[in-house]
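Here is how the chains run, residue by residue.
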Amino acid sequence: MTPYFCEDPKQLYKPQFAYATPAGYRDIPYEVDFEFTIPGDGVMVRQLPHQLDDDEPFLLHAIVFPQIGTALGVENGATPGLCRIWDTRGNPLSEDLVLALGANCQSGFDSINGFGFPVEPAVLCDAGGALLFDFQLSTNAGVASRRLTGSAAVLTFYAAVYGTAGNSATIQLAYVATPNHALTVGVVGSAVTVTLATDGASAISSTFADVQNAINNTPAAFAVLFAYATGDDAQTELVTALSSGALAGGSASTPVLIQGTLLGFKRRKECAE
Amino acid sequence: MIQRHQDYLIRVPSVPVGGGEFSINLDTDAPFALRLVRSRNIGVSGWNFQTPRRQWQSSKLRTDVQAQFGTNFRPSRGSIIYPQMVYPVGGTIPILIGNETGAPILDAQLLFRGSKYFEPGRIAAPTYPAQVSPLKFDYQVVVPNVGGTDTIRFNQLRVKKDADFAVRFGVCDPFTPGVESGSPFGAPILAGDNLTDGPNFGQGAGVYVQLVDEVFKPYSNIPIHINDLFGQGRPLVPLSSGAANDDSVLFFPGLYTPEIYVQREHSLYVDVYREDGAGAPPVNLYFRFGGCKAFAR
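Residues numbered from 1 in each chain as written. Chains lettered and ligands numbered in written order. Predicted model: local features only at pLDDT ≥ 70, side-chain atom pairs only at ≥ 80, totals over all residues. Heavy atoms only, no water.

Draft legend 1. Examining the nonpolar core more closely. A:Phe157, A:Ile171, A:Leu173 and A:Ile215 are the most contacted members of the largest nonpolar core, which has 31 residues in total. Listing elements by their share of this core, those giving two or more residues are β9 (154-159), β10 (170-174), β12 (191-195), α2 (208-216) and β13 (225-230) of chain A. Excluding anything up to four places from it in sequence, A:Ile171 contacts A:Arg146, A:Phe157, A:Val192, A:Val194, A:Ile215, A:Leu225, A:Ser243, A:Ser244, A:Gly245 and A:Leu247. Membership of the second largest hydrophobic core comes to 30 residues, among which are B:Leu111, B:Val141, B:Val207 and B:Phe230. (Core = buried A, V, L, I, M, F, W, Y, C linked by side-chain atoms within 4.5 Å. Buried < 20%, exposed > 50% of the residue type's maximum accessible area, 1.4 Å probe, protein only. Helix = DSSP H or I, 4+ residues; strand = E, 2+ residues; numbered from the N terminus. Contact = heavy atoms within 4.5 Å.)

See below:
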């Protein structure tokens, strides 16, 4: 008798209780914690092993990766990344590295999937075998940015590169008090100047969204920085002039500690009577 | 009977103040078993629909939102219809959509999710070999550089020749890993996102997708919002104003029930339609199809 099972192929819906423990075996709940420290520079890291206990096979039912959850987004501290897992027999569990969220895990943030992302069907891992992990984390290097805040809209300018190099970019929203001035974008080196549009009374007529689109649709400016308008009134609220200033906050990457937990069962062979 | 995943979506360009009555015409190839209804852009204005017996399903307009302590409400993943309601071939689902907002509701959507029932032999319905070894597996399909108004059809999930693949859920995100000293613009945030996020991870705002099988038979009447068909890539917090944000739901992958079984060396296609406007930056869409490989023994 082997600890491996063969499903009923006609049973398309398979709740967990459909996976009966084979006769002569007992499944004992067991959790396996693992951790890796890998660079946070966005480069792929391959074949990181985590060896399992050599006493009994392990039936993998779920995975939690609290440290690479993407629920909070980049700015809020989470580190989204791609992942591929290989079982103990060298079978990849995905065609390529896939975004860890959804395919392999969820963060546990806000009690979301706090019990782990299900591995369905469960993967039987050989006693003493090693699971292999490939990771590619989005870099945690800081992106330099600058923000213009309105009453119900925000315009954020992000540097075109991760890291400290983005701190040299500057942005200015210039107001020229002439009637019917067109919205224009000028670039000199890493300095981007947007001259705001005006109406017939020389008042500013450019909205947050107008400025976003003007910058992002000007290749020379897009090569320096990127504009992102948010807020309920981003399409309608008019911007104000912004003096020339550098983006700030660009920083170098640091190593990332990835911690996770495998949830499942040890499949123990019953002693003979 | 052969079951096949099916979505019917109605998109109403403008619901007048006070609401209106609309209808969905069902396909003429098979009956439809309704199992879930999900609204978008309707919020607490409410909706109602008729059962196969031509009775309204609720006495008044109902919603699929959840009351949440501390906020007005939070959208759900839809209202489950149990037991299922089976509509006849070529039937019609009359629908009421309310509007208590004082202004027209634009692009009101009501999604009816369920399954078609086919007589045996009517459609190709491959299934598991008599003896099978299953292995959890995820396929990925990347649709790069999707512009703000692009239509990119027949993006192919090609199942490898080693095993069949049962598609059980799908997830999609416009995300590309950032590399230090590289550009953070690999996949800028989609227009319409209302969080202040970093530039590499975004939310499907105006992306609609349609699953199509190998003989180009679609799994929905029209393209479905990406967050409804492929789940919510990342939960958003409710808007502080309490306004409807149909994407501020907790994470949940897009489940396909019943699963979609694709034989080895066969394909499933995804059509992508983006409606974020010409000014929206291009994105790379990462589709992950989760399920299990089925190795014949």
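Draft legend 2. Spatial organisation of the sheet that holds strand β7 (residues 130-137) of chain A. Residues and elements named next belong to chain A. Strands sit in the order β2-β7-β4-β5 across an open sheet of four strands; the sheet is antiparallel. The open sheet is flanked by β2 (45-51) and β5 (98-99), the only strands paired with a single partner. Two strands pair when backbone bridges link them, and strand β4 (residues 81-86) and β5 are joined in this way by two bridges, in the antiparallel orientation. In the sheet register, cysteine 83 faces β5, and the bridge partner there is valine 98. (Pairing = 2+ DSSP bridges.)

Draft legend 3. Layout of the side chain of B:Lys116. Residues and elements named next belong to chain B. You can see lysine 116 is positioned in strand β9 (residues 105-118). Overall, lysine 116 belongs to the buried group, its relative accessible area being 2%. A distance of 2.7 Å separates a polar atom in the side chain of lysine 116 from a polar atom in the side chain of aspartate 27. Once residues within four sequence positions are removed from consideration, lysine 116 is found in contact with Ile2, Gln3, Arg4, Gln6, Tyr8, Asp27, Asp29, Ala30 and Pro31. (Polar contact = N/O pair within 3.5 Å; in protein donor to acceptor, adjacent residues only side chain to side chain.)

Draft legend 4. Geometry of the environment of A:Ile171. All names here are of chain A. With respect to the helices, strands and loops of the structure, isoleucine 171 is situated in strand β10. Looking at isoleucine 171, the relative accessible area reads 0%, which means it is buried. Along the backbone, isoleucine 171 and leucine 93 are 78 residues apart, and their C-alpha atoms lie at a distance of 46 Å.

Draft legend 5. Fine view of α2(A). With seven of nine residues buried, α2(A) lies mostly within the body of the structure. Turning to α2(A), its buried residues are A:Phe208, A:Ala209, A:Val211, A:Gln212, A:Ala214, A:Ile215 and A:Asn216.

Draft legend 6. Up close: the side chain of B:Thr51. Mapped onto the elements of the fold, B:Thr51 is located in the loop between β4 (47-49) and β5 (65-68). Residues in contact with B:Thr51, not counting those within four places in the same chain, are B:Gln57, B:Met85 and B:Tyr87.

Draft legend 7. Quick look at the pattern of salt bridges. Residue and element names in this part refer to chain B. Overall, the coordinates contain 20 salt bridges over all chains when judged by the stated rule. A salt bridge links aspartate 213 to arginine 4; the nearest nitrogen and oxygen atoms lie 2.9 Å apart. One end of the pair, aspartate 213, is in the loop between β13 (207-212) and β14 (224-225); the other, arginine 4, is in strand β1 (residues 2-15), with 209 residues separating them in the sequence. Three or more residues joined by partner-sharing salt bridges are found here, namely Asp27, Asp29, Lys116 and Lys217. (Salt bridge = Lys/Arg side-chain N within 4 Å of Asp/Glu carboxyl O.)

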